[in-house]
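Architecture and fold: a report
Next come the chains, spelled out residue by residue.
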Amino acid sequence: MHPNLGIAEINLIGTGGRYGESLLVHLGNNEWIVVDSCINPRTNKILPLELIIEKSIKPEQIKYVICTHWHDDHIKGISKIFEYATDADFVFARANDPKKFFQMLGCDYKKINYYTSNSSTLEFHECIGLLEERNRQPIYAFVDRVIHNTSYLDLPVEIYSLSPSDYSSLKFDEQLSYLMNEFLQSNKKIPYVNPNHRSVALLLKLGQHDVILGSDLQMIKDDNRLGWGHIISSSRTFRGIDTPNYFKIPHHGSENGFIPDLWDNTLSKNATSSMTPWKVGKYELPPQRMVDLYKSYTNDLYITSTPKQSNKPKKRPSKIRKDINQFKANISELRFNYGVVESRIDITNKNSEWTTQIYGTAFKIR
Amino acid sequence: MNSEVVNADYTDKFGDLSQNTNVVEIEPKSFLAEIDNERITTEHQHWQEEFNHTYNADLDRPSENESIDYLKNKSLENEQEYLVTIQKWKGHITKLFKTSFLAELDDLTAGGTKEVTEFENREVYPSERELIGIGAVFYFYIAYRIRMGTLRKESVLKFQKPIEWKVSDFDDAIDRAGRLAKLFSEEG
Amino acid sequence: MLPDITELSLVFLGNFNPAIFHPSWLELKKLLTEDELKYTKTEIINPHLSKFRVAWAEFVVTDNRFQLNCTDGTSFESLRDLALGIFAILEETPLTAFGFNNIHHYKLNPEQYIEFGNILAPFNNWNDILVNPKVLNLEMIQENREDEYKGSKRIRISPSNLVDPNGLKIHINDHFDLTDFKEMGKKLKVISDNWDSTFNYTNHVTESLLKKGKVWK
């Protein structure tokens, strides 16, 4: 159901593992933003776009399509969303050397000429193509950048990017050179490099309420020039935050996504918090000890699906399963678990609290 | 429908082929890009027999000299082998270990969700082991092999070969990158 | 239901120079490795016809036809990559058309074998002009594609030359007219873009026919 004009709505869409995550946010006043994208691997349907259609959101109501990553794994389907959102601005992290970044995209795209694509940046490339067609400038996200600044009923409705830092952009240049040398010529798939210090974290001021969307940004040990350390120590925007009461927990609730300063000194007590799980081999995020830690800070904690994933094989006809077992008994499925955490708040009322509904495999942890 | 019939008197087309050991008569039947209905004849009986054993060019029409029964009775007694895929995946390497690697697999047979599994390096052809590296793309198959009248189940792993980039590919990418960087100036 | 044998042929129409297609050229251009070329068997290479076999692929090239054949299902993707690689290098080659040819062979029992033909082309319709009629070959054509490309589709059903007795061969030709595409990159993209769909189509055709023919298990 479409929210009223004065109601902010945050939809966190999770897929359970390796199929991405996305946010669909109503800023109020029929203005929406989309952050990243993900798909249903069984149907190839683009999940945020499905939700957009379901909520009857018109193309012109989508103001921003924000790409917090450039890698396909995190933004599958985003080009179709940007295609739909004909009036939207496209936001992505600034590169120090944009020409080099576009070269990498261009070379990665060239792989399509030779083989069925091993490109890892196809979605981003398509979005850039749409920008070119529309003759529209992108909005580069970096620390303390004002992306959106309007009001509703004299209340601020603003979006700020909190990252990447200048130093992060510099490091990305080095990374680009390495990626181009190592992966482009050999027709390999470009991996997404960790640790993640370049992902775009966002601050939303929605009337009387502040929201932090943590994306995949991590704390980088002993280096405050990168990641959350930089935001806490150096961001002017962050210093001006007024006790956010909604927090999309970064990096799937991992240890590196835990920012003690933020929880201890910035977020409101019992802030509504949400996250999506992730599975890397046998390692599942969030680990139980981190869930327990988050529970100590808030009693309003949600996740889009359980992090516990069995290592069972994919369901197949029994004969094929037996044949596969003869050669690869240890093959396990990366499950798809579709869950949405939908939270709403009255942006005109300072005393209003977030009310949350859950769909699919999403559940309240506490 | 165009069809070009080359006269059986092939000296017109090929010149004097008396010195050649292999002589071919070509009779294309259709302009469509499909399996050819060519009938291939040769001066040398052993060559024709060998060819017919390995691949019968006249796939759909029995040759005028052969009966339907003969064709039907042709069995798999030749050196040709056949592999029929039961299941196939496209994978890429996500993690390297000392003697093995972890890979993420896309199911090319049924589609849907991805899978992960570990492969030993020795499951890779020796000549392809140098291609093992993060991001390397390969195909993995479970198949039946039919050879010399026997049937066997096998798994096969094949890496995609590296691309031989052309200078023009880089030039195109660099030119476009320059245009985009100029077009998308900092003040976006 | 798995076929007993599968074959794939990629056929390009255009103008070719058969003499340049030989194993050493493939090695020079790093399209095939030394190992793959160890098992080369050359039958003929001259200015008008080149025919040779490497590990898993057979080349048959004439002045106006370039054909790659493969009976190794685990090398079909390699065959595609090889074809794309060859024409990415020979980007000036004037290609006018391309066809996927998927051929499936199935072993039936004698009753199924006869009945299959009866279902597709009922013998009743022939009883007044033939004594004890049976189907030998059947070919159906769709003259225009239903997708965005120019071309056609053909399905040919005949006795199998590789599976006997009672072997059924279903040959699916998925044909694309490439004359509207000027750059080689765009022509090759037609092939790579339609790779999955042609195999899906093949599976759909064989399943449909075998179910109608009461053979499907």
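Read on for an overview of the structure. Small disclaimer: the values here were computed from a predicted structure and weren't measured. (Residues numbered from 1 in each chain as written. Chains lettered and ligands numbered in written order. Predicted model: local features only at pLDDT ≥ 70, side-chain atom pairs only at ≥ 80, totals over all residues.)

Turning our eyes to something else, we now look at the overall build of chain C. Counting its regular elements, chain C contains five helices and nine strands. Mapped in sequence order, the helices and strands of chain C form the string β-α-β-β-β-β-α-β-α-β-β-β-α-α. With respect to the principal axes defined by its C-alpha atoms, chain C has extents near 60 × 40 × 30 Å. A buried classification covers 45% of the 217 residues belonging to chain C. Taking all contacts inside chain C whose residues are at least 6 apart in sequence as the whole, residues at least 24 apart take part in 61%. (Helix = DSSP H or I, 4+ residues; strand = E, 2+ residues; numbered from the N terminus. Buried ≥ 20, exposed ≤ 12 C-beta atoms within 10 Å, placed from the backbone. Contact = placed C-beta atoms within 7 Å.)

A separate point is the overall build of chain B. The secondary structure content of chain B amounts to four helices and five strands. Listing each helix as α and each strand as β along chain B from the N terminus yields α-α-α-β-β-β-β-β-α. Across the 188 residues in chain B, those meeting the buried criterion constitute 24%. Across chain B, the fraction of contacts at a sequence separation of at least 24, relative to all contacts at a separation of at least 6, is 36%.

Core analysis: the largest hydrophobic core is formed by 97 residues, its most contacted members being Val65, Ile66 and Leu202 of chain A. Take this core: its biggest share by element is six residues, from helix α4 (residues 98–114) of chain A. Val11, Ala57, Phe66 and Cys70 of chain C belong to the second-largest nonpolar core, a separate cluster that totals 34 residues. (Core = buried A, V, L, I, M, F, W, Y, C linked by C-beta atoms within 7 Å.)

Our focus in this paragraph is the interface of chain B and chain A. The partner chain A presents 43 residues to the 34 residues of chain B that form the contact. Contributions of two or more residues to the side of chain B that touches chain A are made by β1 (81–96), β3 (115–120), β4 (137–147), β5 (150–159) and α4 (167–183) of chain B. Sort the elements by how many residues they give to the side of chain B that touches chain A and α4 of chain B lands first, with nine residues. Of the residues assigned to the side of chain B that touches chain A, the class counts are 17 nonpolar, 11 polar and six charged. (Nonpolar A, V, L, I, M, F, W, Y, C, P; charged D, E, K, R; others polar.)

The complete set of buried residues in helix α7 (residues 227–234) of chain A reads Gly227, Trp228, Gly229, His230 and Ile231 of chain A. Buried residues belonging to α7 of chain A abut α8 (236–239) of chain A.

Before going further, it helps to examine the sheet that holds β1 of chain B. Strand order in this open sheet of six strands is β16(A)-β3(B)-β2(B)-β1(B)-β4(B)-β5(B), and the pairing throughout is antiparallel. The open sheet is flanked by β16 (332–333) of chain A together with β5 of chain B, the only strands paired with a single partner. Here strand β2 (residues 100–107) of chain B pairs with β3 of chain B via six bridges, running antiparallel. Directly across from Glu104 of chain B, in β3 of chain B, lies its bridge partner Val116 of chain B. Strands in contact with helix α11 (residues 318–327) of chain A are β1, β4 and β5 of chain B; relative to β1 of chain B, the strand with the most contacts, it is inclined by about 60°. (Pairing = 2+ DSSP bridges. Axes fitted to C-alpha atoms, helices over the stretch in contact; angles between N-to-C directions.)

In this section: the pairing of strand β7 (residues 138–142) of chain C. Residues and elements named next belong to chain C. Little of β7 is tucked away, with zero of its five residues classed as buried. The pairing of β7 with strand β8 (residues 151–159) spans five bridges and is antiparallel. By the bridge assignment, Gln142 is partnered in β8 with Lys153.

Quick look at the sheet that holds strand β3 (residues 49–53) of chain C now. Residue and element names in this part refer to chain C. Spatial strand order, β2-β3-β4-β5-β1-β6-β9-β8-β7: nine strands in an open sheet with antiparallel pairing. Looking at which strands have only one partner, the edges of the open sheet turn out to be β2 (41–46) and β7. Each adjacent strand pair in this sheet contributes to an overall mean axis angle of 10°, direction not counted. Together, β1 (5–14), β5 (65–70) and β6 (95–107) form the strand contacts of helix α2 (residues 76–89), whose direction differs from that of β5 by roughly 155°.

Residue and element names in this part refer to chain C. The end-to-end C-alpha distance of α2, which contains 14 residues, comes to 20 Å, matching closely the 20 Å that a straight helix rising 1.5 Å per residue would cover. In terms of burial, α2 is largely enclosed, as 12 of its 14 residues are buried. Regarding α2, the residues found buried are Phe76, Glu77, Ser78, Arg80, Asp81, Leu82, Ala83, Leu84, Gly85, Ile86, Phe87 and Ala88. (Expected span 1.5 Å × (residues − 1).)

All names here are of chain A. Both faces of strand β12 (residues 272–275) are covered, namely the face carrying Thr272 and Ser274 and the face carrying Ser273 and Met275. Bridge count between strand β11 (residues 246–248) and β12: three bridges; the pairing is parallel. Paired with Tyr246 across the bridge in β12 is Thr272. With respect to chirality, the unit in which β11 leads through helix α9 (residues 260–266) into the neighbouring parallel β12 is right-handed. Pairing of β12 with strand β15 (residues 301–303) involves three bridges; the strand directions are parallel. (Right-handed = clockwise from strand over helix to strand, strands pointing away.)

Residues and elements named next belong to chain A. Among the secondary structure elements, Ala271 is positioned in the loop between α9 and β12. Residue classification places Ala271 among the buried positions, given that 22 C-beta atoms sit within 10 Å. Expressed as a C-alpha distance, the spacing of Ala271 and Phe247, which sit 24 residues apart in the sequence, is 6.8 Å. Excluding residues that lie within four positions of it along the chain, Ala271 makes contacts with Pro244, Asn245, Tyr246, Phe247 and Thr298.

What follows concerns the environment of Leu183 of chain B. As for its position among the elements, Leu183 of chain B is in helix α4. Each C-alpha atom of the pair Leu183 of chain B and Leu151 of chain B lies 61 Å from the other, and the pair is 32 residues apart in sequence.

To continue, consider the packing of α2 of chain C against helix α4 (residues 184–193) of chain C. Residue and element names in this part refer to chain C. Between α2 and α4, the least distance of the axes is 10 Å, while the angle of their chain directions is 175°. By the angle between their axes, α2 is roughly antiparallel relative to α4. Contact with α2, carried on its side by Leu84, Phe87 and Ala88, involves Met184, Leu188, Ile191 and Ser192 of α4 and no other residues of that element. Its residues placed into classes, the contact of α2 with α4 shows six nonpolar, one polar and no charged. (Parallel < 35°, antiparallel > 145°, perpendicular 65-115°, else oblique.)

Here we take up the environment of Ala83 of chain C. All names here are of chain C. Looking at where Ala83 falls in the secondary structure, it is placed in helix α2. Take Ala83: there are 22 C-beta atoms within 10 Å of it, and that puts it in the buried class. In this structure the C-alpha to C-alpha distance between Ala83 and Gln67, which are 16 residues apart in sequence, comes to 9.3 Å. Excluding its chain neighbours within four sequence positions, the residues that come into contact with Ala83 are Leu10 and Leu68.

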